[in-house]
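Overview (structure and organization)
Now for the letters of each chain:
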Amino acid sequence: MKKIKIFILFLIIFVISIVFIKGWKKNQPFDDFLFLKLKSNVYPTKTNINLIESANQNTLINEKIAPGTNGEFSIILNAKTNVEYELVFESINKKPRNLKFNVINGNKTIEVNYLEELSKYLSGKILKNQQSEIKIKWYWNFGEEGGENNTDFQDTTDAQKIKQYQFKVYAVAKQN
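Read on for an overview of the structure.

Conventions adopted
- Residues numbered from 1 in each chain as written.
- Predicted model: local features only at pLDDT ≥ 70, side-chain atom pairs only at ≥ 80, totals over all residues.
- Heavy atoms only, no water.
- Helix = DSSP H or I, 4+ residues; strand = E, 2+ residues; numbered from the N terminus.
- Buried < 20%, exposed > 50% of the residue type's maximum accessible area, 1.4 Å probe, protein only.
- Contact = heavy atoms within 4.5 Å.
- Areas by Shrake-Rupley, 256 points an atom, 1.4 Å probe, with all protein chains shown as cover.
- Phe/Tyr/Trp six-rings, centres within 6.5 Å; stacked < 30°, edge-to-face > 60°.
- Lys NZ or Arg CZ within 6 Å of the ring centre and 35° of its normal.
- Pairing = 2+ DSSP bridges.
- Polar contact = N/O pair within 3.5 Å; in protein donor to acceptor, adjacent residues only side chain to side chain.

**Comments concerning the overall build of the chain**
Helix and strand content of the chain: 3 helices and 10 strands. Each helix and strand of the chain, placed in order from N terminus to C terminus, yields the pattern α-β-β-β-β-β-β-β-α-β-β-α-β. Within the chain, the proportion of its 176 residues that are buried is 35%. Long-range pairs, those at least 24 residues apart, make up 74% of the contacts in the chain between residues at least 6 apart in sequence. Here the chain has roughly 11,400 Å² of accessible surface; of this, 53% comes from carbon and sulfur atoms.

Below you can see the structure in the form of structure tokens.
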């Protein structure tokens, strides 16, 4: 009887292991689906992204973003199988109010105030063994909204509070 119980326990553990491994392999194509390109470096997006790394170095002020700074980064999507995807952004800290983002989607330039707003424009399909690169530009112009005095005050306040703006980007993908 003891041998039967041990055999059944072994069988249960074996079945659970097989299910776990098959489930892991099923999701495996997405492990290296999304990468972030900052300058000439390409990173997997499992880390926090700091906007300073993508900044035009000539516009940085004391190694931080401030009014007058700008830059760009690329999101690279690789597909090992046909997929439909949607990009989702998550801010880690508060963004300066006048920091803006834009992306070219087809032949239309889309400008937004928050990265999270880009999600509704960044979705599509990628065919097996294809790659797609999405370039996102950002800029913090000097004084933009609310009249000169309000804007200068807002820019000064934001510049004093922030050294870096960090965010995460995720790809939600499903196989076709």
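**Digging into the packing of aromatic side chains**
The full count for this structure, using the stated rule, is 4 aromatic pairs. When the centroid spacing of 6.3 Å and the interplanar angle of 45° are considered together, the rings of F101 and Y165 count as tilted. Residue F101 is found in strand 6 (residues 99-105), and its partner Y165 is found in the loop between helix 3 (147-161) and strand 10 (166-175); the two are separated by 64 residues along the sequence. Members of the aromatic cluster, joined through ring pairs, are F73, F89, F101, Y165 and F167. Taking the ring centre of Y114 as reference, the NZ or CZ of K95 above it sits at 4.7 Å.

**As for unusual backbone geometry**
Even without a glycine there, the phi angle at N129 is positive, about 60°. Along the chain, N129 turns up in the loop between strand 8 (123-126) and strand 9 (131-140). For N129, a relative accessible area of 59% gives the class exposed.

**Focus: the sheet that holds strand 10**
Spatial strand order, 3-10-5-8: 4 strands in an open sheet with antiparallel pairing. Two strands close off the open sheet at either side, each with one partner strand: strand 3 (49-50) and strand 8. In the sheet, strand 3 pairs with strand 10 via 2 bridges, with the strands oriented antiparallel. For N50, the partnering residue across the bridge sits in strand 10 and is Q166.

**Details of the environment of S74**
Among the structural elements, S74 can be located in strand 4 (residues 70-78). Residues S74 and K137, spaced 63 residues apart in sequence, show a C-alpha to C-alpha distance of 8.6 Å. Among the polar contacts listed, one links the side chain of S74 to the side chain of E133, at a separation of 2.9 Å.

**Notes on the environment of P96**
Mapped onto the elements, P96 comes out in the loop between strand 5 (83-91) and strand 6. Placed 17 residues apart in sequence, P96 and N113 show a C-alpha to C-alpha distance of 9.6 Å. Excluding residues within four positions of it along the chain, P96 makes contact with I65, W140, D158 and I162.

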